Amino acid sequence: MNFSRFRCFHCQQTLAISSHGFCCRCVKLLERSNYCGHCGSPLLENDHSCGNCLQNEPKWHHIVQISAYKSPLAEWIHRFKFQHQHYLDFALARLLLLAIYQARRTHHLCLPDVILPVPLFWKRQWKRGYNQAELIAEPLSKWLDIPLDCHSLKRVRATIPQKELTAVQRRKNLQHAFKYEPIEPYQRVAIVDDVVTTGSTINAICLALLKQGVKDIQVWTLARA
């Protein structure tokens, strides 16, 4: 464990800037590619839509991602999410911050009015001890000077873990699982999640937001699987 943060969380080599968490050599290992700014599918050139969007259009409008869900990023996320290594939060959030800056240049992303972390059902959060999406969202809120709202969006029903289900089962599993009661009438929001796989969770949240008049929904995620 790297309490001092003077060594890279991945290779344990000395860091030039201790707060970064991962050294530049390990960050270069991330498999980055151009991607669709709407659904997140890999593309030869950055664009705002693609063929996958036409076939299965997501309910959100923009997506920002660090890279594909592959090693070493997949390993870092797994450590952060399932091995109680919550001290990786700032290092992972910083990588997502850089991806947001990049998306402003490549996908003309406009910053939102508020940041909403994907909520956990209270029993699952109690068992895990923390909400990984919230830990990522907190430093992003400070660095970007955007309000963080952890109260308007709630998971009101327990669901089966999504990784155990098919795409169709995932959609049924999430029906009426989220409730959105905004404390302010937000028009542009960013939903923060650790990994987006089929998008079923985010789509279910988007339906709740759209019903409340949200006009623009961004998804900020560490990886697109």
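Every chain's residues receive numbers from 1 upward, in the order its sequence appears when written. In keeping with the predicted nature of the model, local features appear solely for residues at pLDDT of at least 70, side-chain atom pairs appear and are counted solely at 80 or more, and the whole-chain, interface and lining totals rest on all residues. Neither water nor hydrogens contribute to the side-chain values; these are computed over all heavy atoms in the structure.

1. Description of the packing of aromatic side chains
Part 1 of the reasoning: Stacked, edge-to-face and tilted labels apply to pairs of Phe, Tyr and Trp rings (six-membered ring for Trp) whose centres lie within 6.5 Å, assigned for plane angles under 30 degrees, over 60, and everything in between, in that order. Here the structure, examined in full by the defined rule, presents 6 aromatic pairs.
Part 2 of the reasoning: Measuring from centroid to centroid gives 5.5 Å for F9 and Y87, while their planes differ by 40°, and the two rings are tilted. With a gap of 78 residues between them, F9 in the segment before α1 (24-27) and Y87 in the loop between α3 (73-82) and α4 (89-106) connect regions that are remote in the sequence. Grouping residues by exposure puts F9 and Y87 together as buried.
Part 3 of the reasoning: Between F22 and W76, the ring centres sit 3.8 Å apart and the planes meet at 15°, which makes this aromatic pair stacked. In this pair, F22 is assigned in the segment before α1 and W76 in helix α3, connecting sequence segments 54 residues apart. You'll find F22 and W76 in the same group, each marked buried. By the criteria applied, helices consist of DSSP H or I runs no shorter than four residues and strands consist of E runs no shorter than two, each listed in order from the N terminus. The classification of residues rests on relative accessible area computed with a 1.4 Å probe and restricted to protein chains. Under 20% of the type maximum is buried, over 50% is exposed, and intermediate values are partly exposed.

2. A short note on the sheet that holds strand β2 (residues 114-117)
Part 1 of the reasoning: Pairing within the open sheet is parallel, and its 4 strands lie in the order β1-β6-β5-β2. Because the sheet does not close on itself, it has two edges, and the strands there are β1 (62-68) and β2. Adjacent strand axes in the sheet meet at a mean angle of 20°, parallel and antiparallel pairs treated alike.
Part 2 of the reasoning: By the bridge criterion, 8 bridges tie strand β5 (residues 188-196) to strand β6 (residues 216-224) in an arrangement that is parallel. When the sheet's bridge partners are listed, D193 is paired in β6 with T221.
Part 3 of the reasoning: Across the sheet, α3 touches β1, β5 and β6, and the angle it forms with β6 is around 100°.
Part 4 of the reasoning: Any two residues having at least one pair of non-hydrogen atoms within 4.5 Å are treated as being in contact. Convention adopted: a line fitted to C-alpha atoms gives each axis, helices being fitted over their contacting stretch, and angles between N-to-C directions are expressed from 0 to 180 degrees. Taken strand by strand, α4 contacts β1 and β6, and its axis lies near 125° from that of β1. In this description, strands pair whenever DSSP reports at least two bridges between them.

3. Points about the environment of L135
Part 1 of the reasoning: Topologically, L135 is positioned in helix α6 (residues 132-144).
Part 2 of the reasoning: Overall, the relative accessible area of 17% leaves L135 in the buried class.
Part 3 of the reasoning: With 18 residues separating them along the chain, L135 and P117 place their C-alpha atoms 8.7 Å apart.
Part 4 of the reasoning: In contact with L135, not counting residues within four places along its chain, are F80, H86, D89 and Y130.

These values are about where atoms sit, not about what they do.
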